[in-house]
Amino acid sequence: MEEESCYTFDFDRHMDPERFERIKAFAADKETPFVVIDLERIGDKYDELRRLLPYAKVYYAVKANPDDEILKMLIARGCHFDIASVFELDQMLRLGARPDDLSYGNTIKKARHIAYAYEKGVRLFSTDSEEDVRKLAANAPGSKVFFRLLTDGSGADWPLSRKFGAHPDTIYRLILLAAELGLDPYGVSFHVGSQQRDIGQWDNAIATCRYLFDSVAQEGVHLRMINLGGGFPANYVSPTHDIELYSQEITRFLEEDFGDQAPEILIEPGRSLVGDAGVLVSEVVLVSKKSEFNQYSWVYLDVGKFGGLIETIDEAIKYPIFVDAGGAPKEAILAGPTCDSMDILYEDTKYEVPGDITEGDRVYIFTTGAYTTSYSSVNFNGFPPLKAYIFRG
Ligand SMILES: *Cc1c(COP(=O)(O)O)cnc(C)c1O
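Worth saying up front: this structure is predicted, and the values here are computed from it rather than measured.

Brief notes about the overall build of the chain
- Looking only at helices and strands, one finds eleven helices and 19 strands in the chain.
- Taking 2.2 N^0.38 as the reference for a compact globule, 393 residues should give roughly 21 Å; the C-alpha atoms of the chain span a radius of gyration of 22 Å, in line with that estimate.
- Referenced to the eigenvectors of the C-alpha coordinate spread, the extents of the chain come out at roughly 75 × 40 × 40 Å.
- Taking all 393 residues of the chain together, the buried fraction comes to 55%.
- If you take every contact in the chain between residues at least 6 apart in sequence, the share linking residues at least 24 apart comes to 73%.
- Carbon together with sulfur atoms contributes 49% to the accessible area of the chain, which is approximately 16700 Å² in total.
- Distance between charge centroids for the chain: 5 Å, based on 41 positive and 63 negative side chains.

This is the structure:
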C-alpha cells in the first residue's frame, strides 16, 4: 500500500468545475447521504473502451453497480454482462437482456442455481474446480465453459487473490475433464486484481493462457477465448496510467503471444466503467478533538464504511474528497457515523479539510460510482442503505 502523508483535493484531476456546479445544484435539495450517478459519463466510458479495444466483447461486471438505469443504458448500447448469482440473472432478464449476452462468472454456485440459469437460456459459465465442472456437466450440459486462472493480485489496490482461480496444472486437468463430460471448453479467464496499477500483470496472465492453449491442443482440445477480466482503473487519489496505455499494452501482449491467431477476447470491467461517474454527497455530523492539544481534528460524516465506503478498509481505496467550506486548510481524521470502531475512513492518510469546517457542511466524495451502493449495509444502527439518484445533465 502506498504511503500518502496528506491529501489535498485537486479539481483539475477529479472534476470539471462547471459540471460540478450542475451536480451540486441537482443535489442541493436532497437529504444526504446519497450518490449522484452521471449516466452519460458511464456511456462515454463504455464507448471509449469499445473504441480502444474494438476486438473485445465487453461484459459489464454487474456487481460494481447494479442500478437498473445503468443496466438499461448498457443493454441499449449492446453491452454484455457478467453476473454472479441467479438474482443478478433475474434482474438482467427483467430489464430485457438476452440470456445469450450473459456470462455466469462466479465459480461458486449451487447446482440448482446452475440448473435455473441453464433453464433461462444461459450457456456460458466460468469454473475453477472439479466439483464445479461436474455440477456444470450435470446441470448445464453442453454449455461453453471458461476456466479461471489463479493470479496473485499484486499491484492491485483491491486484490481478489486466493479465493478464485486455480493453478495452471489444475486448469489443464479441468479442461480435459470438461471435454470428457460433454461440456464445451471455450477459453481461459483471469482477474489481475481490481484497480490494478501494474499493466504487466496482464502480460504474465496472457502468457499462461498461451501455454494452456498449447498444452490442451496436444490433447485435441482447441480453446477459442481469453477473458481478460476487470482490473482497469478508476480515477482515485493514487494516480494510474491512462486507459489508452492499458489498451495499447494489452493489445501488444496478445499480439506477442498469439500473433495473427488471436482468440476471441472478452473483458469484464466494473470499476473502470462506473467508478468515475459517482459523486457521493455527504454532510458533516460533528467535528471534535480527542484532547485540547491534539494536532488532528476528527471529522465525522453521515456516511462511512457501512454506508457504502467499505473499500476504505485498510485505506485501500482513497477517494478524492472536497469539503465545501472556507478557512486555512488543516489535516483531519475522517470517520463515519456508526457505533462500530472500525467505521473510520482515513486515519493513517490525513485528508486536508478547510479550517472552518463545521456541522452541516457538505462533503463531496468523488469516484464513488463503483462498489458503494452495492456494498452498503441494510440497516446497521438503523441507517438506511445508500441511496442513488440518476443525473442526466
Ligand atoms: C468483480 C469482478 C469483475 C470486475 O472487476 P473490476 O476490477 O471492478 O473491473 C470482473 N470479473 C469478475 C469475475 C469479477 O468478480
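Now that the structure has been shown, we can carry on.
Side note on the pairing of strand 9 (residues 184–189)
- Within strand 9, five of the six residues are buried, leaving the element largely enclosed by the surrounding structure.
- Bridge count between strand 7 (residues 144–148) and strand 9: five bridges; the pairing is parallel. Its bridge partner being in strand 9, Phe147 is matched across the sheet by Val188.
- Pairing analysis gives three bridges linking strand 9 to strand 11 (residues 225–227), with the strands arranged parallel.

Looking at the environment of Lys45
- Relative to the helices and strands, Lys45 resides in helix 3 (residues 39–52).
- Separated by 230 residues in sequence, Lys45 and Gly275 place their C-alpha atoms 10.0 Å apart.
- Those residues within four positions of Lys45 in sequence are excluded, and the remaining contacts are Ser272, Leu273 and Asp276.
- A polar contact of 3.3 Å, which involves the side chain of Lys45, links it to the side chain of Asp276.

What about the site of the ligand?
- Close to the ligand lie 13 residues; Lys63, Ser194, Glu268, Gly270 and Tyr371 are nearest.
- Between the ligand and Gly270, the relevant distance is 2.8 Å, taken from an oxygen atom to a main-chain nitrogen or oxygen of the residue.
- Burial of the ligand by the surrounding chains reaches 92%, relative to a free accessible area of 390 Å².
- Considering only residue class, the shell around the ligand consists of three nonpolar, five polar and five charged.

With respect to the pairing of strand 12 (residues 264–267)
- Strand direction decides the pairing type here: strand 3 (residues 56–61) and strand 12, joined by three bridges, are parallel. When the bridges of strand 12 are listed, Val58 appears paired with Ile267.
- Sheet topology places strand 11 next to strand 12; three bridges connect them, and they run parallel. Opposite Ile226, over in strand 12, you have Ile265 as the bridge partner.
- Assessed by its sense of winding, the connection that carries the chain from strand 11 through helix 10 (residues 243–258) to strand 12 is right-handed.

What to know about the domain arrangement of the chain
- By the assigned domains, the chain splits into domain 1 (4–36 + 276–391) and domain 2 (66–269).
- Domain 1 and domain 2 are separated by 34 Å when their C-alpha centres are compared.
- Residue-level contacts link 20 residues of domain 1 with 13 residues of domain 2.
- With both chains or domains summed, domain 1 and domain 2 bury close to 1400 Å², and 60% of this area falls on carbon and sulfur atoms.
- By the criterion of area lost to domain 2, the three top residues of domain 1 are Arg13, Ile317 and Ile390, representing 33% of everything that side buries.

Structural notes on the packing of helix 7 (residues 130–139) against helix 8 (residues 168–180)
- In contact at an axis separation of 10 Å, helix 7 and helix 8 are set at 20° when each is read in the N-to-C sense. When the axes of helix 7 and helix 8 are compared, the pair comes out roughly parallel. Between helix 7 and helix 8 the crossing geometry is right-handed. The segment helix 7 lies against helix 8, with Glu130, Val133 and Arg134 engaging Arg173, Leu174, Leu177 and Ala178.

Let's talk about the pattern of salt bridges
- The final tally for this structure, using the stated rule, is 20 salt bridges.
- Residue Arg252 is joined to Glu256 by a salt bridge in which the shortest nitrogen-to-oxygen separation is 2.8 Å. One end of the pair is Arg252 and the other is Glu256, both in helix 10 and four residues apart, which spans about a single turn.
- Note on Arg252: relative accessible area 36%, which makes it partly exposed.
- A single salt-bridge network, built from bridges that share partners, covers Glu21, Lys24 and Asp324.

Side note on helix 10
- Taking 1.5 Å per residue, 16 residues should reach 22 Å; helix 10 reaches 22 Å between its end C-alpha atoms and fits that length.
- Here the buried face of helix 10 lies against helix 3, strand 10 (194–196), helix 9 (200–217), strand 11 and strand 12.
- Looking one or two residues beyond helix 10, the residue adopting positive phi is Gly259, at roughly 50°.

Some details on the side chain of Ser143
- Of note, Ser143 is situated in the loop between helix 7 and strand 7.
- With relative accessibility at 1%, the residue Ser143 sits in the buried group.
- In contact with Ser143, not counting residues within four places along its chain, are Tyr118, Val122, Arg123, Phe125, Leu183 and Asp184.

How each quantity is defined
- Residues numbered from 1 in each chain as written.
- Predicted model: local features only at pLDDT ≥ 70, side-chain atom pairs only at ≥ 80, totals over all residues.
- Heavy atoms only, no water.
- Helix = DSSP H or I, 4+ residues; strand = E, 2+ residues; numbered from the N terminus.
- Rg over C-alpha atoms; globule rule 2.2 N^0.38 Å.
- Buried < 20%, exposed > 50% of the residue type's maximum accessible area, 1.4 Å probe, protein only.
- Contact = heavy atoms within 4.5 Å.
- Areas by Shrake-Rupley, 256 points an atom, 1.4 Å probe, with all protein chains shown as cover.
- Lys, Arg positive; Asp, Glu negative; His and termini not counted.
- Charge placed at Lys NZ, Arg CZ, Asp CG, Glu CD.
- Pairing = 2+ DSSP bridges.
- Polar contact = N/O pair within 3.5 Å; in protein donor to acceptor, adjacent residues only side chain to side chain.
- Near = heavy atom within 4 Å.
- Nonpolar A, V, L, I, M, F, W, Y, C, P; charged D, E, K, R; others polar.
- Right-handed = clockwise from strand over helix to strand, strands pointing away.
- Domains from an automatic or database assignment.
- Buried area = accessible area lost by both parts, 1.4 Å probe.
- Axes fitted to C-alpha atoms, helices over the stretch in contact; angles between N-to-C directions.
- Parallel < 35°, antiparallel > 145°, perpendicular 65-115°, else oblique.
- Left-handed = near helix turned anticlockwise from the far one by under 90°.
- Salt bridge = Lys/Arg side-chain N within 4 Å of Asp/Glu carboxyl O.
- Expected span 1.5 Å × (residues − 1).

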